[in-house]
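Observations on the three-dimensional arrangement
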There are 2 protein chains.
Amino acid sequence: MGGPTRQLSRERVLRAAIGIADAHGLGALTMRSLAAELNTKPMSLYHYISNKDELLDALVDGVFAEIDLPVVGGDWRTEVRRRSVSARTVLARHPWALALVETRTSPGPATLRHHDAMLGVLRAGGFSLEMTAHAYAIVDAYVYGFVLQEASLPFDSADTANAVADSIMDGFPAGDHPHLVEFATQHVQQPGYHFGAQFEFGLDLILDALAARREGLAGC
Amino acid sequence: MGGPTRQLSRERVLRAAIGIADAHGLGALTMRSLAAELNTKPMSLYHYISNKDELLDALVDGVFAEIDLPVVGGDWRTEVRRRSVSARTVLARHPWALALVETRTSPGPATLRHHDAMLGVLRAGGFSLEMTAHAYAIVDAYVYGFVLQEASLPFDSADTANAVADSIMDGFPAGDHPHLVEFATQHVQQPGYHFGAQFEFGLDLILDALAARREGLAGC
DNA sequence: CAAGCGTATCGTACTTAGTACGACGTACTT
DNA sequence: AAGTACGTCGTACTAAGTACGATACGCTTG
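What you are looking at is a predicted structure, and each value in this text was computed from that prediction instead of being measured.

1. Structural notes on the protein's contact with DNA strand D
If you check the shell around DNA strand D, you find 15 residues, and the closest are R32 and K52 of chain A together with T40, H47 and Y48 of chain B. Protein-proximal atoms of DNA strand D, defined as those within 4 Å of the protein, fall in sugar or phosphate at a share of 51%. A distance of 3.2 Å separates a phosphate oxygen of DNA strand D from a polar atom in the side chain of S44 of chain B. Y48 of chain B places a polar side-chain atom, nitrogen or oxygen, 2.7 Å from a phosphate oxygen of DNA strand D.

Structure (structure tokens):
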């Protein structure tokens with residue numbers, strides 16, 4: 001876009017790829033669209049990435065790099081909470097990333113650094129190895145799953161929720177799905193409703209529960 | 001496969017599609033491969049599905065249909081637990097389903113029935129509308145996220161975990177990622193390790209925490 | 001300055017996938 | 001017996017990934 005065509009670079013390629021995926025979805029990210037965005041031709045890209053799969057791996061790692069690293073010295077609850085909020089924000093900004101995570105199985109450097117920091121914070125916080133495994137699995141399951149739900153919501157705001165609900169309910173006998181109807185009309189379609197606002201409630205609930213079992217002491 | 005080519009039907013098409021996705025992944029599910037599996041030609045399929053997108057929608061709904069429906073009369077904790085374990089089992093059996101969930105935004109009949117039952121169980125269990133929203137969001141985030149993690153693990157068993165860990169650590173200065181190394185050697189590579197076994201621990205932790213706040217009473 | 005070389009770029013074309021269009025056959029109706 | 005509707009499929013167009021090899025540009029070396 002504008003200006004003389006600068007030299008290509010792996011950096012520029014990756015940045016442009018993220019831009020396309022953010023703006024138009026993963027489906028719009030093709031070698032051709034990527035080349036066009038960079039004012040070049042598809043085959044020129046293959047000097048910086050060996051194939052599209054490797055490009056996708058790099059994108060995932062790039063997203064992980066955007067997430068706040070927890071600080072190993074600090075209070076475990078504070079650090080885990082901060083990085084979880086950050087992870088959720090970042091993943092919501094790049095909704096295509098989660099779909100990729102599921103397929104890619106070769107973690108990049110930023111991903112590894114991230115995992116290492118999280119494990120370090122939990123261990124330093126007094127969690128046993130086994131409880132560290134539990135805690136990390138639970139927190140990440142929650143974060144990923146929450147983002148996944150956000151991404152698959154058929155609506156963005158209460159406004160569109162209305163229309164969507166109506167269109168879905170069409171074609172079903174009235175009285176079917178009574179709880180869904182109650183939920184939609186009495187909760188989702190209320191003024192201040194915003195699905196995303198629930199994130200921190202659940203996160204704190206989970207962190208509380210983990211704190212209570214940090215060293216194996218039973219519940220309350 | 002074998003026998004005279006029976007009459008096609010939407011049922012047979014969907015069943016074959018699920019079979020291919022289970023066996024060889026979503027990527028292997030093409031209109032051509034699907035046609036071949038059914039001893040027919042690609043264009044014949046279009047009499048039963050209007051396009052591939054609609055096929056994918058139908059697949060997602062088919063997967064939801066496999067999940068145990070919670071019983072609205074029963075104890076909320078028992079029912080939510082049972083259906084969550086079932087959901088995790090089903091989604092693990094069809095690992096491609098989660099990737100689809102993220103893109104599809106028009107829920108099918110089985111999906112709606114499922115949501116309705118879950119909401120009903122929670123409401124009947126004494127949860128306020130708001131706490132129902134929280135509880136459902138948290139439980140499902142956990143279930144989805146856990147399955148997502150399982151699906152993206154680079155290994156299936158402790159055996160392969162070993163090899164994978166080694167190959168990943170190659171190319172990094174020794175001493176980098178100390179916590180990751182500790183975690184891998186002291187925990188993941190121990191005899192009985194199995195990531196999936198953590199599922200119920202986390203689920204119970206979350207259900208305990210929800211029970212404690214069911215009606216807004218503070219923590220312990 | 002000329003010759004040579006490595007690297008970045010790109011033109012062409014092959015392959016796989018989704019699917020539009022319309023022809024064909026079979027079975028059931030009238 | 002003739003028509004009709006529906007299921008089937010042959011052909012072909014489009015989009016996308018990428019192999020192969022040619023080209024072009026800039027830097028080194030004699």
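2. Quick notes on the interface of chain A and chain B
The partner chain B presents 57 residues to the 57 residues of chain A that form the contact. Note on chain A versus chain B: buried area summed over both sides is about 5,200 Å², and carbon and sulfur give 74% of it. Area buried by chain A at its contact with chain B is led by E102, L148 and L205 of chain A, which between them contribute 13% of it. Applying the counting rule to chain A against chain B returns four salt bridges. With a shortest N-O distance of 2.9 Å, R123 of chain B and E182 of chain A are connected by a salt bridge.

3. A closer look at the relation of the copies chain A and chain B
Under the fitted operation, chain A is carried onto chain B by 0.0 Å of movement along the axis and a turn of 180 degrees, and the coordinates agree to an RMSD of 0.1 Å. Each copy turns onto its partner about a two-fold axis. Relative to the rotation axis, the closest C-alpha in chain A is found at G145 of chain A, a distance of 2.0 Å. When the interface residues of chain A are mapped onto chain B, 100% of them again fall at the interface, so both copies present the same face.

4. Remarks on helix α1 (residues 10-24) of chain B
Residue and element names in this part refer to chain B. Over its 15 residues, α1 runs 21 Å from end to end, which matches the ideal 21 Å to within 8%, given 1.5 Å per residue. Within α1 the residues assigned to the buried category are V13, L14, A16, A17, I18, I20 and A21. Contacts made by the buried residues of α1 are with α2 (31-37), α3 (52-66) and α5 (96-103). G25 sits one or two positions beyond α1 and adopts a positive phi of about 90 degrees.

5. Some points on unusual backbone geometry
Most peptide bonds are trans, and most residues other than glycine sit at a negative phi. Although it is not a glycine, H177 of chain A adopts a positive phi angle of roughly 55 degrees. Positionally, H177 of chain A belongs in the loop between α8 (158-169) and α9 (178-188).

6. Concerning the packing of helix α1 (residues 10-24) of chain A against helix α3 (residues 52-66) of chain A
Residue and element names in this part refer to chain A. Orientation of α1 relative to α3, taken along the N-to-C sense of each, is 80 degrees, at an axis distance of 10 Å. Between α1 and α3, the angle falls in the class roughly perpendicular. Two secondary-structure elements touch here, α1 through R10, L14, A17 and I18 and α3 through E54, L55, A58 and L59. Grouping the amino acids of the contact of α1 with α3 by side-chain chemistry returns six nonpolar, no polar and two charged.

7. Re the side chain of R83 of chain A
Within the element layout of this structure, R83 of chain A appears in helix α4 (residues 76-93). Discounting residues that sit within four places of it in the chain, R83 of chain A has contacts with I67, D68, P70, H114, M118, Y136, V139 and D140 of chain A.

8. Remarks on the pattern of salt bridges
Under the criterion given, the structure shown has 28 salt bridges over all chains. Across the salt bridge formed by R213 of chain A and D208 of chain B, the nearest N and O atoms sit 2.9 Å from each other. Taken together, the residues span two chains, with R213 of chain A in the segment after α10 (199-212) and D208 of chain B in helix α10 (residues 199-212). A network of salt bridges, in which partner residues are shared, links D53, D57 and R104 of chain A.

Conventions used here
Residues numbered from 1 in each chain as written. Chains lettered and ligands numbered in written order. Predicted model: local features only at pLDDT ≥ 70, side-chain atom pairs only at ≥ 80, totals over all residues. Heavy atoms only, no water. Near = heavy atom within 4 Å. Polar contact = N/O pair within 3.5 Å; in protein donor to acceptor, adjacent residues only side chain to side chain. Contact = heavy atoms within 4.5 Å. Buried area = accessible area lost by both parts, 1.4 Å probe. Salt bridge = Lys/Arg side-chain N within 4 Å of Asp/Glu carboxyl O. Least-squares fit on C-alpha atoms with pLDDT ≥ 70 in both. Helix = DSSP H or I, 4+ residues; strand = E, 2+ residues; numbered from the N terminus. Expected span 1.5 Å × (residues − 1). Buried < 20%, exposed > 50% of the residue type's maximum accessible area, 1.4 Å probe, protein only. Axes fitted to C-alpha atoms, helices over the stretch in contact; angles between N-to-C directions. Parallel < 35°, antiparallel > 145°, perpendicular 65-115°, else oblique. Nonpolar A, V, L, I, M, F, W, Y, C, P; charged D, E, K, R; others polar.

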